[in-house]
Amino acid sequence: MSTQLLVGGRIYSSSSPDATAMAVTDGTVVWLGADGPGRALHPDAEIIELDGAFVAPAFVDPHVHVTALGLQLTGLDLSGARSLTDCLELVRAHAAERPGIVLGDGWDETRWPEGRPPTTEEIDAAAGPGRAVYLSRVDAHSAVVSTALLDAVPAVRTAAGYIAGEAVRAEAHHLLRRAALDGLDAAQRAHARRTALDHAAAHGVVAVHECAGPQIAGRADVRELLEFEHDVQVLAYWGEAVTSADQARALIAELGVHGLAGDLFVDGSFGSHTAWLRAPYADRDTTGVGYLDADAIAAHVRACTEAGIQAGFHAIGDAAIDAVIEGFGRVVAELGAPAVATRGHRIEHAELLDAEHIAKLAEFGVIASVQPGFDAAWGGAEGMYATRLGVERAAATNPYAAMAAAGISLAISSDAPVTALDPWAAVRAAVNHRTPGHHISPRAAFAAATRGAWRAGGVRDGIAGTLVPGAPADYAVWDATELVVAAAADTVQRWSTDPRSRVPGLPPLDAGAALPRCLRTVRAGRTIYEA
């Protein structure tokens with residue numbers, strides 16, 4: 001056995017909130033306490049001096065798109081474009097430097113003075129004639145493309161979601177996305193994945209949940225990802241509906257995925273006007289898109305429950321969540337609530353909920369994978385959600401406090417590359433929700449990004465995502481100068497980290513506070529990133 005003894009730090013542990021030292025033997029936390037006793041108890045241990053650094057459970061991001069994130073990090077990232085002109089100039093420069101298809105991601109016309117995305121003609125002019133171009137909107141539920149790419153997929157012009165002169169949505173978008181990604185070779189995909197997973201490790205993340213599916217990147221991508229060797233653990237979900245337990249088992253066996261969940265689309269997104277609403281959008285005469293009805297949802301939940309497989313759905317709008325609740329309810333009525341709840345089925349995003357939705361999701365034991373970064377980017381009375389939904393409906397989105405109070409298990413994620421894979425920023429966004437009363441405490445938010453995220457992936461041993469004796473030594477070391485204990489209130493009171501309080505402190509998560517910097521990430525006792 002080999003033991004490492006970390007000394008001279010500040011350890012985030014519910015069992016030893018005043019700990020300055022931690023011993024790890026063969027990838028397991030075996031002891032926490034003060035430096036002196038630690039050295040006496042473990043005289044032969046390898047000593048790791050922390051120099052006052054903060055040690056906390058490592059993060060898990062339970063909703064990412066690894067290859068897409070890597071492509072954004074290595075390619076044409078349009079998230080920084082501040083105008084239509086700026087966007088087109090970025091496309092022009094990228095096309096001039098790199099041959100082949102132009103893949104871009106992250107544009108958001110709601111932040112531009114022009115208030116609209118580029119046209120096909122403008123893209124053709126920027127990239128050059130005959131060039132295939134695919135530019136995904138920030139939410140990945142619509143895109144603008146070049147004439148060459150449209151011509152390469154003739155069926156798109158008769159598909160649902162195609163309107164000449166507009167961004168493509170729904171099935172038309174899925175067809176073009178598939179064609180665009182098929183233009184990548186194996187080396188490009190591998191480079192993107194390594195970049196994305198390296199990025200995760202550098203942000204204190206030891207595991208990610210890939211939310212794959214036929215409309216996202218296809219079978220080849222998820223197979224390659226699961227075969228890809230990297231120190232960051234990848235748990236993959238496949239978003240394809242099934243109608244029988246045998247079909248569910250066959251898909252799991254074919255692809256090697258963990259569950260049939262993640263981005264199994266019931267609807268789309270607010271930004272692309274494809275989230276499924278009960279009443280029309282405030283700025284467009286549509287109620288969005290419903291991809292699955294309650295019948296299909298019930299069939300999928302029933303099949304997965306009977307097969308012992310975790311199911312789940314992408315549902316954002318209130319009508320989409322209505323369908324999810326109805327589908328789950330039918331299966332609960334048939335098989336019983338315990339049979340459904342024990343599978344740990346998931347709902348992704350779950351943004352526009354009412355009190356009845358919340359009560360039912362809690363009753364059914366559904367885990368909610370949520371993205372506070374969405375509220376930080378688009379929430380508030382002046383944000384995109386208010387434009388799309390109207391101020392009153394927008395204020396009802398992402399009610400984390402009510403969800404947690406009802407007993408829904410929350411797992412905080414990024415949906416990267418939709419929002420940045422930056423767990424501390426996501427935790428801070430949950431703490432500083434733009435709608436009063438919807439935020440949760442720093443401790444609850446941190447738990448949702450660690451313990452809750454492990455639970456969302458089916459790890460329910462009670463210790464994963466913590467630093468207590470017996471827990472896996474999955475942790476990160478952070479440069480964090482100050483620790484505070486904060487309550488969930490609009491006016492936050494802070495107490496010192498006096499050991500007598502028996503409450504472990506966290507870095508300040510005020511809106512203007514500097515976030516911790518990752519110094520080291522450790523998975524199962526082995527360093528996978530070091531600054």
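Given the structure is predicted, the values throughout are model-derived calculations rather than measurements. (Residues numbered from 1 in each chain as written. Predicted model: local features only at pLDDT ≥ 70, side-chain atom pairs only at ≥ 80, totals over all residues. Heavy atoms only, no water.)

Colleague: Looking at this structure, how should I read the pairing of strand β3 (residues 21-25)?
Modeller: Put simply, side chains in a regular strand alternate between the two faces of the sheet. With five of five residues buried, β3 is to be regarded as a mostly interior element. What you see with β3 is no split at all: Ala21, Ala23 and Thr25 on one side and Met22 and Val24 on the other are buried throughout. In the sheet, strand β1 (residues 3-7) pairs with β3 via four bridges, with the strands oriented antiparallel. If you follow leucine 6 over to β3, its bridge partner there is methionine 22. The pairing of β3 with strand β4 (residues 28-33) spans five bridges and is classified as antiparallel. Within β4, the position partnered with valine 24 by the bridge is valine 29. Hairpin connection between β3 and β4: a loop of two residues separates the two successive antiparallel strands, and aspartate 26 in this loop has a positive phi of roughly 50°. (Buried < 20%, exposed > 50% of the residue type's maximum accessible area, 1.4 Å probe, protein only. Helix = DSSP H or I, 4+ residues; strand = E, 2+ residues; numbered from the N terminus. Pairing = 2+ DSSP bridges.)

Colleague: Honestly, the packing of helix α9 (residues 245-255) against helix α10 (residues 294-307) in this entry has me stumped. Any pointers?
Modeller: In a pair of packed helices, the angle between the axes and the distance between the axes together describe the arrangement. Remark: α9 packs on α10, axes separated minimally by 8 Å, with the N-to-C direction vectors making an angle of 70°. In terms of orientation, α9 and α10 fall into the roughly perpendicular class. Here Ala245, Ala248 and Arg249 of α9 lie close against α10, whose contacting residues are Ala303, Glu306 and Ala307. Its residues assigned to classes, the contact of α9 with α10 comprises four nonpolar, no polar and two charged. (Axes fitted to C-alpha atoms, helices over the stretch in contact; angles between N-to-C directions. Parallel < 35°, antiparallel > 145°, perpendicular 65-115°, else oblique. Contact = heavy atoms within 4.5 Å. Nonpolar A, V, L, I, M, F, W, Y, C, P; charged D, E, K, R; others polar.)

Colleague: It is not clear to me how the layout of surface pockets should be interpreted in this structure. Could you clarify?
Modeller: Left-over empty space is what a probe sized like a water molecule reveals as it rolls over the atoms. Looking at the largest pocket, its volume works out to about 710 Å³. If you list the elements that add at least two residues to the lining of the largest pocket, you get α2 (66-74), β9 (102-107), β10 (133-137), α6 (170-181), α7 (186-201), α14 (372-378) and α15 (384-389). In this structure, the second largest pocket occupies an estimated 560 Å³ of space. In this structure, the second largest pocket is lined by 28 residues; those nearest its centre are Gly373, Ala376, Ala377, Thr419 and Ala420. Residue assignment for the lining of the second largest pocket shows that the elements contributing at least two residues are α14 and α18 (423-431). Per-element tally for the lining of the second largest pocket: the top contributor is α14, with five residues. (1 Å grid on protein atoms, 1.4 Å probe; cavity = no way out; pocket = protein on both sides within 12 Å on 5 of 7 lines; lining within 4 Å. Points joined across faces, edges and corners; volume = space filled by probe spheres on them.)

Colleague: What should I look at first to understand the sheet that holds strand β6 (residues 54-57) in this one?
Modeller: The strands that make up a sheet are held in pairs by hydrogen bonds between backbone atoms, and each pair lies either parallel or antiparallel. The sheet built from five strands is open, its strands ordered β2-β6-β19-β22-β23 with mixed pairing. Edge positions in the sheet fall to β2 (10-11) and β23 (526-530), since each of these pairs with one other strand and no more. Pairing geometry for strand β22 (residues 517-523) and β23, over four bridges, is antiparallel. Looking at β23, one finds that arginine 523 is bridged to arginine 526.

Colleague: Looking at this structure, how should I read the domain arrangement of the protein chain?
Modeller: Think of interface size as the accessible area that goes away when the parts come together; that is how it is often given. Along its sequence, the protein chain is carved into domain 1 (3-58 + 466-530) and domain 2 (66-185). Taken over C-alpha atoms, the centre of domain 1 sits 44 Å from the centre of domain 2. (Domains from an automatic or database assignment.)

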